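# Secondary and tertiary structure notes
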Amino acid sequence: MPATVMAAAAAVAAAAVPVAAPVTGHAPTTASASAAGRVTQPAMSRAAPAVVVEPAPPSGPAASGARRPPAAGHPAAAPGHRWSWPLDPRPEVARPFLRPATRYGVGHRGVDLLGRPGQPVLAVDDGVVSHVGVIAGRGTVTVVHASGLRSTYEPVTSTVRRGQRVARGSPVGSLAAAGSHCGTVACLHLGALREDDYIDPLTLLGGGRVRLLPLR
């Protein structure tokens, strides 16, 4: 067979064999892309498997438009632990917390709760007594809790000692008549601290609506 005829036959055979396009992010030059992004071979190579180039499915909360559920083993955060009231029955609030504008500024770093002289003062949560003493003429008690918070009570005639473990609702002393923040009316000043920062104790005390009463 002449060489020219053999070369022509080889060219025809090569054209009849489809060549698979590489799978990349771009459509191959020998293929036609549909509007949906699917790429198929031309009609002359339908016997060969179609090469499909499709973008990876979107992932992440932004793509789905919905919040991703928490992973197994990581439940949603539980509500914060509440303190119990330090006086029983539940007292009225005589004066609320007032955060000072600066660390040493004017404010009210606790909440005043109406009571009666000699009334038991109760620990707001389990903890360890870290301080018992007299400050500015007032008997004071401080309890450190497992949460890292500290509760302070004044004026109190203490019945506990430093280092003693106390249970939630157990007495730390009795409400003293002298040194009240409410003047001639007996009241307990309850403070709450996280490290060196005072926070509003009413946000830690559970249940019900707070009603402020005017002092007479």
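Residues numbered from 1 in each chain as written. Predicted model: local features only at pLDDT ≥ 70, side-chain atom pairs only at ≥ 80, totals over all residues. Heavy atoms only, no water.

Under an unreviewed UniProt entry, the name given to the protein chain is M23ase beta-sheet core domain-containing protein, and the organism recorded is Pedococcus ginsenosidimutans.

## So, the pairing of strand β11 (residues 171-175)
Examined bridge by bridge, strand β5 (residues 120-122) and β11 share three bridges and lie antiparallel to one another. Paired with V121 across the strands is G173, a residue of β11. (Pairing = 2+ DSSP bridges. Helix = DSSP H or I, 4+ residues; strand = E, 2+ residues; numbered from the N terminus.)

## Details of the state of the cysteines
When the sulfur atoms of two cysteines share a covalent bond, that bond is a disulfide. The full count for this structure, using the stated rule, is one disulfide. The disulfide partner of C182 is C187, and the gap between their sulfur atoms is 2.1 Å. Measuring handedness by torsion sign, the sulfur bridge of C182 and C187 sits at about 100° and is right-handed. Taking relative accessible area as the criterion, C182 reaches 8% and is therefore assigned buried. Classification of C187 as buried rests on a relative accessible area of 1%. (Disulfide = S-S within 2.5 Å. Buried < 20%, exposed > 50% of the residue type's maximum accessible area, 1.4 Å probe, protein only.)

## What about the pattern of salt bridges?
Under the definition given, this model contains two salt bridges. One salt bridge in this structure joins R168 and D125, with 3.4 Å as the shortest N-O distance. With R168 in the loop between β10 (165-166) and β11 and D125 in the loop between β5 and β6 (127-135), this residue pair connects regions lying 43 residues apart in the sequence. Residue R168 is classed as partly exposed on the basis of its relative accessible area of 36%. Measuring nitrogen to oxygen at the nearest pair gives 3.8 Å for the salt bridge that ties E154 to R138. (Salt bridge = Lys/Arg side-chain N within 4 Å of Asp/Glu carboxyl O.)

## Re the nonpolar core
Judged by nonpolar contacts, the single largest core of 27 residues is most densely connected at V121, V141, Y153 and V172. Where this core is concerned, the elements lending two or more residues are β4 (111-114), β7 (138-144), β8 (149-154), β11 and β12 (187-194). In terms of residue count, the dominant contributor to this core is β12 (three residues). When near neighbours in sequence (up to four residues on either side) are disregarded, V141 contacts V129, H131, S151, T152, Y153, V156, S158, V160 and V172. (Core = buried A, V, L, I, M, F, W, Y, C linked by side-chain atoms within 4.5 Å. Contact = heavy atoms within 4.5 Å.)

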